[in-house]
Amino acid sequence: MGFIDSVCSAVGSAFSSVCSAVGSLCSNIGSTIMGEVSSLVSSFLPVLGPTLEAALSVFVAVVSFLAELFTDKPQEEKPEEIGMKAEQADKKPENFDSINDYIEYLRNEVQLDPADLEKLSDEEKQKYKLVGLGLYIKNIEEQQGVKLDPEFLKSIPKLKDQGYEAADIANLMQSMKNNGVTDMKQYVDFMKGDLQPGSPERQQVGASVKDMVEQHFKGGEVNMRKEINKLADTVRE
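Bear in mind the structure is a predicted one, so any value in this text is a computation, not a measurement.

S.K.: Describe the overall build of the protein chain, listing the residues and the values that go with them.
M.R.: When you go through the protein chain residue by residue, the secondary structure sums to 13 helices and zero strands. In sequence order, the protein chain lays out its α and β elements as α-α-α-α-α-α-α-α-α-α-α-α-α. Every one of the 237 residues in the protein chain was classed for burial, and the buried ones make up 51%. Look at the contacts in the protein chain between residues 6 or more apart in sequence, and 72% of them connect residues 24 or more apart. Carbon and sulfur atoms form 44% of the exposed surface of the protein chain, whose accessible area is close to 11100 Å².

Put into structure tokens, the structure is as follows:
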């Protein structure tokens, strides 16, 4: 059993077909980038578990906001449109100098019939949505020079559960980058206590987390230690 098949089996029968469909779509399109998109989607899909549709809506809202902020994504564009266009397109990511150029080609030169979008089943829409989100994530990484590790992506719904919004997550990413941290997994490592005490990485990520919390509470009074411990508890769950 291959990696993708193993992951699909792990998420249970209710969603394994969606996972398999994403893998098949990316495989049919081909290219190294689409293989990375498939692996990326498969790595965070299990955490969505039985609440796929609800949790997926969180990913759509957050990743779409980040794509609008850090790339050229139009606000009205839906990720399933990009995923469906990728399937229909004649060209592949490797035909372009960047992922952004590929997405711009899909955006501007591949046309969809709105009726086809309306006729999609829930499973088909989820498949295209996940592929579109994967392309958005790869584009953000390329444009910003950061790594959106699956462990970080898995933490997003838990941040949302604590009341943090997409703008807060964007602030965290920007602050970490400004502090010299480009692998967002270090947020998870910090929250788990896996960064060496006193190390530059721990200090840099800690400063970024504090910055996010302060901006979230808009300068209001907050028990910083208690708030960070609360966020850490959600990551350790």
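From this point, the narrative continues.
S.K.: Any chance you could break down the side chain of Asn100 for me, citing the residues and the numbers?
M.R.: For Asn100, the position within the fold is in helix 6 (residues 99–109). Here Asn100 falls in the buried class, since its relative accessible area comes to 9%. Not counting residues up to four positions away in its chain, the partners in contact with Asn100 are Asp72, Asn139, Glu142 and Gln143.

S.K.: Describe the packing of helix 5 (residues 79–88) against helix 8 (residues 122–144), listing the residues and the values that go with them.
M.R.: Helix 8 packs onto helix 5 with a crossing angle of 95 degrees between their chain directions and a minimal axis gap of 6 Å. What the angle tells us is that helix 5 and helix 8 run roughly perpendicular. Residue-level contacts link Pro79, Glu80, Ile82, Gly83, Met84, Ala86 and Glu87 of helix 5 to Lys125, Lys127, Tyr128, Lys129, Val131, Gly132, Leu133, Leu135 and Tyr136 of helix 8. Residue composition of the contact of helix 5 with helix 8, by class: nine nonpolar, two polar and five charged.

S.K.: Run through the side chain of Ser64, naming residues and quoting values.
M.R.: Residue position: Ser64 is located in helix 4 (residues 52–70). In terms of polar contacts, Ser64 uses its side chain to reach the backbone carbonyl oxygen of Val60, at 2.6 Å. For Ser64, the contacting residues outside a window of four places in its chain are Phe59, Lys73, Pro79 and Tyr136.

S.K.: Give a description of the pattern of salt bridges that names residues and reports values.
M.R.: Following the criterion strictly, the structure yields 11 salt bridges and no others. Between Asp116 and Lys119 there is a salt bridge; the shortest N-O distance is 3.7 Å. By relative accessible area, Lys119 is classed as exposed at 63%. When salt bridges that share partners are traced, they join Glu36, Lys138 and Glu141 into one network.

S.K.: Please set out the environment of Val110 residue by residue, giving values where relevant.
M.R.: In this structure, Val110 sits in the loop between helix 6 and helix 7 (114–118). With 20 residues separating them in the primary sequence, Val110 and Asp90 have C-alpha atoms 8.9 Å apart. Not counting residues within four places of it along the chain, the set of residues in contact with Val110 comprises Lys85, Ala89 and Tyr105.

S.K.: Go over helix 12 (residues 200–216) with me, naming the residues and quoting the values.
M.R.: Spanning 17 residues, helix 12 covers 24 Å between terminal C-alpha atoms, matching the ideal 24 Å at 1.5 Å per step. For helix 12, the set of buried residues is Val205, Gly206, Ser208, Val209, Met212, Val213 and His216. Down the axis of helix 12, the sector holding all buried residues measures 160 degrees, keeping them to one side. Residues of helix 12 that are buried in the fold lie against helix 9 (150–161), helix 10 (166–178), helix 11 (185–192) and helix 13 (224–236). Following helix 12 by one or two positions, Lys218 has its phi on the positive side, about 50 degrees.

S.K.: Kindly report on the confidence of the model for the protein chain, identifying the contributing residues and their values.
M.R.: Across the protein chain, the average pLDDT comes to 87, with 89% of residues at 70 or higher. Note on residues 1–14: pLDDT is under 50 here. Beyond four places in sequence and across chains, it has 15 contacts.

S.K.: Mind laying out the nonpolar core, listing which residues take part and the relevant values?
M.R.: Nonpolar side chains in soluble globular proteins generally cluster together in the buried interior. With 69 residues, the main nonpolar core has Leu106, Leu135, Leu148, Met173, Tyr187, Met191 and Val209 as its most contacted residues. Ranked by residue count, the leading element in this core is helix 4, at nine residues. Excluding residues that lie within four positions of it along the chain, Leu148 makes contacts with Leu40, Ile137, Ile140, Glu141, Leu153, Met173 and Met184.

Conventions we followed
Residues numbered from 1 in each chain as written. Predicted model: local features only at pLDDT ≥ 70, side-chain atom pairs only at ≥ 80, totals over all residues. Heavy atoms only, no water. Helix = DSSP H or I, 4+ residues; strand = E, 2+ residues; numbered from the N terminus. Buried < 20%, exposed > 50% of the residue type's maximum accessible area, 1.4 Å probe, protein only. Contact = heavy atoms within 4.5 Å. Areas by Shrake-Rupley, 256 points an atom, 1.4 Å probe, with all protein chains shown as cover. Axes fitted to C-alpha atoms, helices over the stretch in contact; angles between N-to-C directions. Parallel < 35°, antiparallel > 145°, perpendicular 65-115°, else oblique. Nonpolar A, V, L, I, M, F, W, Y, C, P; charged D, E, K, R; others polar. Polar contact = N/O pair within 3.5 Å; in protein donor to acceptor, adjacent residues only side chain to side chain. Salt bridge = Lys/Arg side-chain N within 4 Å of Asp/Glu carboxyl O. Expected span 1.5 Å × (residues − 1). Arc of directions from axis to C-beta. pLDDT = per-residue confidence, 0-100. Core = buried A, V, L, I, M, F, W, Y, C linked by side-chain atoms within 4.5 Å.

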